[in-house]
Amino acid sequence: MNAFIVARLWDDTAGAALPESERLVYQTIGDADTGQGAGNGTAPISHIFRKAPSAAPTRLRLQAMPVNSVGTARVAQIVSDDSGFTSLRLHWAGI
């Protein structure tokens, strides 16, 4: 099996993906018959989002998509903490 999850940041206000925000979140490689396998994770999405302080509020979403390259994964998920949150950190850069 070779299955992975890709994710990106989506700007709801602009109706478009943030450029260069797509990441491979996690990949599972293995043999479904033997249960032996391995996985690969990546760094978090770090993206500089520049916007004038006087501009209207912007809504960003995390979009994720499972991809089955070989075989089919039974579960695909972005893991959250015990309270059900997945963090999205924002650093205001201004213009």
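These notes cover the structure that comes with them. Treat the numbers as computed from the prediction; the structure is a model and nothing was measured.

1. Topic: the pattern of salt bridges
Under the defined criterion, the tally for this structure stands at 2 salt bridges. Here Arg-59 ties to Asp-12 by a salt bridge, and the two come within 3.2 Å at their closest N and O atoms. Separated by 47 residues along the polypeptide, Arg-59 in the loop between strand 4 (36–41) and strand 5 (60–70) and Asp-12 in the loop between strand 1 (2–11) and strand 2 (16–17) bring together distant segments of the chain. Given a relative accessible area of 27%, Asp-12 falls into the partly exposed group.

2. As for the layout of surface pockets
Where empty space is left can be seen by rolling a probe of water-molecule size over the atoms. In this structure, the second largest pocket encloses a volume near 270 Å³. Forming the walls of the second largest pocket are 16 residues, and the residues nearest its centre are Met-1, Thr-28, Ala-73, Arg-74 and Val-75. Elements with a minimum of two residues in the lining of the second largest pocket: strand 1, strand 3 (23–31) and strand 5. Looking at the lining of the second largest pocket, its residues break down into 11 nonpolar, 4 polar and 1 charged.

3. Observations regarding the pairing of strand 1
The element strand 1 is largely enclosed, with a buried count of 8 among its 10 residues. Pairing of strand 1 with strand 3, which is carried by 6 bridges, proceeds in the antiparallel orientation. Of the residues in strand 3, the one forming a bridge with Phe-4 is Gln-27. As paired elements, strand 1 and strand 2 share 2 bridges and run antiparallel to each other.

4. Thoughts on the environment of Thr-58
Within the element layout of this structure, Thr-58 appears in the loop between strand 4 and strand 5. The exposure class assigned to Thr-58 is partly exposed, which follows from its relative accessible area of 28%. Sequence-wise, Thr-58 and Ala-14 are 44 residues apart; in three dimensions their C-alpha atoms are separated by 8.2 Å.

What counts and how
Residues numbered from 1 in each chain as written. Predicted model: local features only at pLDDT ≥ 70, side-chain atom pairs only at ≥ 80, totals over all residues. Heavy atoms only, no water. Salt bridge = Lys/Arg side-chain N within 4 Å of Asp/Glu carboxyl O. Helix = DSSP H or I, 4+ residues; strand = E, 2+ residues; numbered from the N terminus. Buried < 20%, exposed > 50% of the residue type's maximum accessible area, 1.4 Å probe, protein only. 1 Å grid on protein atoms, 1.4 Å probe; cavity = no way out; pocket = protein on both sides within 12 Å on 5 of 7 lines; lining within 4 Å. Points joined across faces, edges and corners; volume = space filled by probe spheres on them. Nonpolar A, V, L, I, M, F, W, Y, C, P; charged D, E, K, R; others polar. Pairing = 2+ DSSP bridges.

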